[in-house]
Amino acid sequence: MKTDVTELFPEVNQIEQESLRSSVKAVWEDAIEIGGWTDKDLDRIPFTLLIPDCKFSLVEHTRAVTRTCLAIAEVLEEAYGGRISIDRDVLIAGAILHDVGKLLEYTEQAGKVVKSSFGTLLRHPFSGQALAFKHGLPPKVLHMIAYHSKEGGLGKRCVEAIIVHHADFVNFEPLRLETL
Ligand SMILES: [Fe+2]
């Protein structure tokens, strides 16, 4: 049975452009299938392998990052008015997809989620971008996925990619502190 991506990420409904909304859902559905995961696995796939026995799921993290991005956008728009331009549809799409490549970067071995051999060669910014390209996501969303993490540090991020990059780390560093 196909995963209900809207149920996983209700924020997807805030994407106004219908074709973009359905492409975002298609990428998640495809990643779940290619990664060999089922609906039941999604709650227990950790968002990072850098926190031992991480209790925060990829779905929780993705939702929190998306909501953080929206909150940042709201403040920036309110503070700077028309002097800053943020594409909300692109922002939400890129936030929901920024870590989708982790479904290929990770695998399960003896009941434990670990790095896959594929993931050793290609971290999630690369696999996520490839999945999104396959489903015809616009270049800015591909850019956000590809540039959101450390690999993107050498390039020039667009506004939406800067927001998702910082929202991602805000939703990582404090949670890692708990385990140090
Ligand atoms: Fe992330």
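Below: a short report on this structure.

What to know about the packing of helix H2 (residues 18-34) against helix H5 (residues 88-97)
A packed helix pair is summarised by two numbers, namely the angle formed by the two axes and the spacing between the axes.
Argument step 1. Close contact between H2 and H5 brings their axes to 10 Å; oriented N to C, the two are set at 5 degrees. It follows from the interaxial angle that H2 and H5 lie roughly parallel. Here H2 contributes Leu20, Val24 and Val27 to the contact with H5, which in turn contributes Asp89, Ala93, Ile96 and Leu97.
Argument step 2. Here the residues of the contact of H2 with H5 are counted per class, giving six nonpolar, no polar and one charged.

Looking at the environment of Pro125
Argument step 1. Looking at where Pro125 falls in the secondary structure, it is placed in helix H8 (residues 124-134).
Argument step 2. Pro125 gets classed as buried once you count the C-beta atoms within 10 Å, which come to 22.
Argument step 3. Taking the C-alpha atoms as reference, Pro125 lies 17 Å from Val90; in sequence the two are 35 residues apart.
Argument step 4. Excluding residues within four positions of it along the chain, Pro125 makes contact with Gly101, Ile145, Ala146, His148, Ser149, Glu151 and Gly152.

Quick word on unusual backbone geometry
Argument step 1. Despite not being glycine, Asp53 has its phi angle at roughly 50 degrees, a positive value.
Argument step 2. Considering the arrangement of structural elements, one finds Asp53 in the loop between helix H3 (39-42) and helix H4 (58-80).
Argument step 3. At Ala110, a position not held by glycine, the phi torsion is positive, near 50 degrees.
Argument step 4. Residue placement: Ala110 occurs in the loop between strand S1 (106-109) and strand S2 (112-115).
Argument step 5. The exposed category is assigned to Ala110, around which 5 C-beta atoms lie within 10 Å.

Calculation rules
- Residues numbered from 1 in each chain as written.
- Predicted model: local features only at pLDDT ≥ 70, side-chain atom pairs only at ≥ 80, totals over all residues.
- Axes fitted to C-alpha atoms, helices over the stretch in contact; angles between N-to-C directions.
- Helix = DSSP H or I, 4+ residues; strand = E, 2+ residues; numbered from the N terminus.
- Parallel < 35°, antiparallel > 145°, perpendicular 65-115°, else oblique.
- Contact = placed C-beta atoms within 7 Å.
- Nonpolar A, V, L, I, M, F, W, Y, C, P; charged D, E, K, R; others polar.
- Buried ≥ 20, exposed ≤ 12 C-beta atoms within 10 Å, placed from the backbone.

So yeah, pure geometry; function would need other evidence.
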